[in-house]
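Results of the structural survey
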Amino acid sequence: MYRLFIVDDNKYERHGLRKSIDWEALGIEVVGVFENGAEAMARIDELAPHIIITDIAMPVMNGIEMSERIAKQYPEIKVIFISCHSDFEFAKSAVDLGIHGYVLKPVIADELVDAVKKLVQELEVGHLQRVERERMLQQVKTMLPLVQEQFFKELLLGNFRDDADIR
């Protein structure tokens, strides 16, 4: 199950997002709901979210500043912006920060769910790739002594013609 933060300075939007979407059906647990980026950053190590849905314009620490810090300190955490700003500069900031979704307010639940589903799918693919890479590394570690033994046998038997064969 993936862990999610919701960060928005509007109390009704924060709690509305938490309650209006069946997060569990998406394989997500909401582990934190925060009023601004500073509050979220203060709990990020403790609660270890995989995904953060955040408003852009907030007091104390806005979503862009929080996303910049996350990109530097926690590159594995994925961020989706929600905002009432359809301004090009905000969209450009999102692209520059590698944001994984941009949903305009008022949030239509289906749009946010689609963005989250797409992100969860990306996380799943990344997880499967890491598992496969680890399996292959383990296989190489297991086979390495056998390959080394075979190499030394061939070397002792003189089965190599020159230095190029040995390399």
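The model shown is predicted, which means the values in this text are computed figures rather than measured ones. (Residues numbered from 1 in each chain as written. Predicted model: local features only at pLDDT ≥ 70, side-chain atom pairs only at ≥ 80, totals over all residues. Heavy atoms only, no water.)

Counting its secondary structure elements, the protein chain contains six helices and five strands. For the protein chain, the sequential pattern of α-helices and β-strands runs β-α-β-α-β-α-β-α-β-α-α. Buried residues in the protein chain amount to 33% of all 167 residues. Looking at the protein chain as shown, the accessible area adds up to about 10,600 Å², and 55% of this sits on carbon and sulfur atoms. (Helix = DSSP H or I, 4+ residues; strand = E, 2+ residues; numbered from the N terminus. Buried < 20%, exposed > 50% of the residue type's maximum accessible area, 1.4 Å probe, protein only. Areas by Shrake-Rupley, 256 points an atom, 1.4 Å probe, with all protein chains shown as cover.)

Right, let's talk about the pattern of salt bridges for a bit. Tallied over the entire structure, the rule returns four salt bridges. A salt bridge links R69 to E65; the shortest N-O distance between them is 3.2 Å. A residue pair is termed a helical-turn pair when its members lie 3 or 4 positions apart in one helix, as R69 and E65 do in helix 3 (residues 63–73) at four residues. What makes R69 partly exposed here is its relative accessible area of 38%. Close ionic contact of E149 with K153 constitutes a salt bridge, the shortest N to O distance being 3.4 Å. Of the two residues, E149 and K153 both sit in helix 5 (residues 109–156), four residues apart, roughly one turn of that helix. Judged by its relative accessible area of 43%, K153 falls in the partly exposed class. (Salt bridge = Lys/Arg side-chain N within 4 Å of Asp/Glu carboxyl O.)

Describing two packed helices takes the angle between their axes plus the distance from one axis to the other. Remark: helix 2 (residues 37–47) packs on helix 3, axes separated minimally by 10 Å, with the N-to-C direction vectors making an angle of 20°. Here helix 2 lies roughly parallel to helix 3, going by the angle between them. Residues G37, A40, M41 and I44 of helix 2 form the contact with helix 3, whose participating residues are M66, R69, I70 and Q73. Residue composition of the contact of helix 2 with helix 3, grouped by class: five nonpolar, two polar and one charged. (Axes fitted to C-alpha atoms, helices over the stretch in contact; angles between N-to-C directions. Parallel < 35°, antiparallel > 145°, perpendicular 65-115°, else oblique. Contact = heavy atoms within 4.5 Å. Nonpolar A, V, L, I, M, F, W, Y, C, P; charged D, E, K, R; others polar.)

For the rest of this paragraph, the subject is the packing of aromatic side chains. We describe a pair of aromatic rings using the distance from one ring centre to the other and the angle between the two ring planes. This structure, assessed with the given rule, holds two aromatic pairs. Aromatic pair F5 and F34: ring centres 4.7 Å apart, planes at 65°, arrangement edge-to-face. With F5 in strand 1 (residues 2–7) and F34 in strand 2 (residues 28–34), this pair connects stretches of sequence that are 29 residues apart. On the basis of relative accessibility, which here comes to 7%, the residue F34 falls in the buried class. Ring centres of F151 and F152 lie 5.4 Å apart, and the angle between their planes is 65°; this geometry places the pair in the edge-to-face category. (Phe/Tyr/Trp six-rings, centres within 6.5 Å; stacked < 30°, edge-to-face > 60°.)

This paragraph deals with helix 5. Structurally, the α-helix is built with 3.6 residues per turn, so residues lying three or four positions apart point the same way. Helix length check: helix 5 (48 residues) gives 69 Å between terminal C-alpha atoms against 70 Å at 1.5 Å per residue, within 8%. Of all bends in helix 5, the biggest is about 40°, found at M143, and the proline P145 comes one to four residues later. Those residues of helix 5 lying buried are L112, V113, A115, V116, L119, V120, L123 and G126. (Expected span 1.5 Å × (residues − 1). Bend = angle between axes of the 7 residues up to and from the residue.)

Counting residues in each nonpolar core, the largest one holds 21 residues, and the members touching the most others are W23, I28, L112 and V116. Elements with a minimum of two residues in this core: strand 1, strand 2, strand 3 (51–55), strand 4 (78–83) and helix 5. Contacts of I28, omitting those with residues within four sequence positions, involve M1, Y2, L4, W23, I51, V116 and V120. Counting residues in hydrophobic clusters, the runner-up holds 18 residues, among them V7, F34, M66 and Y74. (Core = buried A, V, L, I, M, F, W, Y, C linked by side-chain atoms within 4.5 Å.)

Time to look at unusual backbone geometry. Located in the positive-phi region is A48, a residue other than glycine, with phi close to 45°. Take A48: it is sitting in the loop between helix 2 and strand 3. When its relative accessible area of 31% is taken as the criterion, A48 is described as partly exposed. Look at V60: it is not a glycine, yet its phi comes out positive at around 70°. Mapped onto the fold, V60 is located in the loop between strand 3 and helix 3. Owing to a relative accessible area of 68%, V60 belongs among the exposed residues under this scheme.

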